[in-house]
Amino acid sequence: QVQLVESGGGLVQPGGSLRLSCAVSGSIFSKSVMGWYRQAPGKQRELVARITSANSGSTNYADSVKGRFTISRDNAKNTVYLQMNSLQPEDTAVYYCNAKIEYGVVRGTDDYWGQGTQVTVSS
């Protein structure tokens, strides 16, 4: 079975930094597109950052975090990271790790989610 476990969340002051980690058990990590999503109270879950399966894979970011957040992955350690700098109160949310394996149109996709980790930015 596949499990995703996030860590690194917590309380930080505005302007501070946090690094989130997501450890993936199972054999699917190297084949997966990895992403970080977040959900704030009263809002829909949104994509924060995404990285393709290679260590040097391409990335994309939500406009709200470009220049502040960096996603990376270490396929040897089955771990994906989200470095968050210049944090603001608007970044407060539960952050979720996601793994996606994309097949053809007939087979579809496999999607896996972590339990989430709380990030709170406040004085």
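What you see is a predicted model, and the numbers here were worked out from it, not measured in a lab. (Residues numbered from 1 in each chain as written. Predicted model: local features only at pLDDT ≥ 70, side-chain atom pairs only at ≥ 80, totals over all residues. Heavy atoms only, no water.)

So, about the overall build of the chain. Across its full length, the chain holds zero helices and eleven strands. Taken from N to C terminus, the helices and strands of the chain fall in the order β-β-β-β-β-β-β-β-β-β-β. Its C-alpha atoms give the chain a radius of gyration of 14 Å, near enough to 14 Å, the size a compact globule of 123 residues would have. Taken along the three principal axes of its C-alpha coordinates, the chain extends 50 × 30 × 25 Å. Buried positions account for 41% of the 123 residues belonging to the chain. Long-range contacts, defined here as pairs at least 24 residues apart, represent 53% of the contacts in the chain between residues at least 6 apart. (Helix = DSSP H or I, 4+ residues; strand = E, 2+ residues; numbered from the N terminus. Rg over C-alpha atoms; globule rule 2.2 N^0.38 Å. Buried < 20%, exposed > 50% of the residue type's maximum accessible area, 1.4 Å probe, protein only. Contact = heavy atoms within 4.5 Å.)

The tally for this structure, following the rule as stated, stands at six salt bridges. Between Asp 111 and Lys 100 there is a salt bridge, with the nearest N and O atoms lying 2.7 Å from each other. Of this pair, Asp 111 sits in strand 10 (residues 109-113) while Lys 100 is found in strand 9 (residues 93-102), placing the two residues eleven residues apart along the sequence. Judged by its relative accessible area of 16%, Lys 100 falls in the buried class. Salt bridges sharing partners connect three or more residues here, namely Arg 38, Glu 46, Arg 68 and Asp 91. (Salt bridge = Lys/Arg side-chain N within 4 Å of Asp/Glu carboxyl O.)

Below, the discussion takes up the sheet that holds strand 3 (residues 18-25). Pairing is antiparallel in the open sheet, where four strands are placed in the order 1-3-8-7. With one partner strand each, in any of the chains shown, strand 1 (3-7) and strand 7 (69-74) form the two edges of the open sheet. Mean inter-strand twist for the sheet, computed between neighbouring axes without regard to direction, equals 15°. Inspection of the sheet shows strand 7 paired to strand 8 (residues 79-84) by six bridges, in the antiparallel sense. When the sheet's bridge partners are listed, Asp 74 is paired in strand 8 with Thr 79. (Pairing = 2+ DSSP bridges. Axes fitted to C-alpha atoms, helices over the stretch in contact; angles between N-to-C directions.)

On to the environment of Ser 7, then. Within the secondary structure layout, Ser 7 lies in strand 1. With a relative accessible area of 38%, Ser 7 lands in the partly exposed category. The residues contacting Ser 7, other than those within four sequence positions of it, are Arg 19, Leu 20 and Ser 21.

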